[in-house]
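Inside the fold
Listed below are the residues making up each chain.
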Amino acid sequence: MSERSVGTLLADRSVDADLRIRTAAVLLFARRGYAATGVRDIARLVGLTNAAIYHHVSSKEELLADIMRAGQNRLIASTRRGLRGVVRPEDALAILISSLTATHGLHRMVTRVMDGELRSLTPGSAAYQEIIALRDAYEDEWRRVLARGVEEGVFRIGDPRLTRLGLMAMCTGTSEWYRPGGPAALERVCLEFVEMGLRAVRARRDGVPVTAGDTPPPDLSLVPPLPWEPPWDEAADLAG
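Residues numbered from 1 in each chain as written. Predicted model: local features only at pLDDT ≥ 70, side-chain atom pairs only at ≥ 80, totals over all residues. Heavy atoms only, no water.

Turning our attention to the UniProt feature "DNA-binding region" (unreviewed entry) in the protein. Within the UniProt annotation, "DNA-binding region" (unreviewed entry) is assigned to residues 38-57. Along residues 38-57 one finds 75% helix and 0% strand; the C-alpha atoms at either end are 13 Å apart. (UniProt positions renumbered as here; feature names shortened; annotations may be inferred. Helix = DSSP H or I, 4+ residues; strand = E, 2+ residues; numbered from the N terminus.)

This is the structure we're talking about:
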């Protein structure tokens, strides 16, 4: 997203209409919730008529599905790129933790929509089933890494499912509290979470506990590009 005022950008007809519509939708879905947002609200922010909005999207629900689909696909692609060629499970786990944490720190509104609005898709619909499948494909990366760590004797996990859910919840919760320019830099947050994650799986190699310093440092280039993320603080008043 440009450093320009989000309000100015949303109303700028020279900016791609699809980008403006999706940015406005993310802003409103994240701040108000999907159910409390109407197509008219999105149209008002981008300076278009309802009819013009429907020229770009078939329905509000399909707009939500588009945002979630693109976000999940990009998250999967960037994660697989980061894990390519990684051999040690502790290194892979560190990459998973830091990349998911950074994604939620830098794309707080998009990830809130991705994580919280599945309930707004029609149960059993093609879009609902597709998003579920994409979520499962992403979580499979975590399942494989944790299972490999146990098989190699590096991780000691009592309940793999609860461990996976707990670690992922730690990372995704970043969108609720992290603020750029706050007391902790994002890289530092990632390192702390990697340290906690390695302790949670009781990571040891050759009898020695594995620490965050033994794994790859956080790589923010692994954060997927989600260009419809509006600046959080500037967007608050527009969505009110």
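Time to look at the UniProt feature "domain: HTH tetR-type" (unreviewed entry) in the protein. Under the present numbering, the feature "domain: HTH tetR-type" (unreviewed entry) in UniProt falls on residues 15-75. With 75% helix and 0% strand, residues 15-75 has its two end C-alpha atoms placed 25 Å apart.

A separate point is the nonpolar core. Counting residues in hydrophobic clusters, the biggest one holds 68 residues, and the most contacted among them are Ile42, Ile53, Leu93, Trp142 and Phe155. With near-sequence residues (within four places) excluded, Ile42 lies in contact with Ile21, Ala24, Ala25, Leu28, Phe29, Thr37, Ile53 and Leu63. (Core = buried A, V, L, I, M, F, W, Y, C linked by side-chain atoms within 4.5 Å. Buried < 20%, exposed > 50% of the residue type's maximum accessible area, 1.4 Å probe, protein only. Contact = heavy atoms within 4.5 Å.)

Take helix α8 (residues 126-151) next. Three- or four-residue spacings in an α-helix give side chains the same orientation, since the helix completes a turn every 3.6 residues. The terminal C-alpha atoms of α8 lie 36 Å apart, and with 26 residues this matches the ideal 38 Å at 1.5 Å per residue to within 8%. By the burial criterion, the buried members of α8 are Ala127, Ile131, Leu134, Arg135, Tyr138, Glu139, Glu141, Trp142, Val145, Leu146 and Gly149. Buried residues belonging to α8 abut α5 (60-83), α6 (89-106), α7 (108-116) and α9 (160-172). Gly153 sits one or two residues past α8 and shows a positive phi near 75°. (Expected span 1.5 Å × (residues − 1).)

Here the focus is the domain arrangement of the protein. Segmenting the protein into domains produces domain 1 (6-59) and domain 2 (61-222). On a C-alpha basis, the centres of domain 1 and domain 2 stand 29 Å from each other. Listed per partner, the contact involves 14 residues of domain 1 and 12 residues of domain 2. For the pairing of domain 1 and domain 2, the buried interface totals around 1200 Å² over both sides, and the portion due to carbon and sulfur atoms is 72%. At the boundary of domain 1 and domain 2, one finds 1 salt bridge. (Domains from an automatic or database assignment. Buried area = accessible area lost by both parts, 1.4 Å probe. Salt bridge = Lys/Arg side-chain N within 4 Å of Asp/Glu carboxyl O.)

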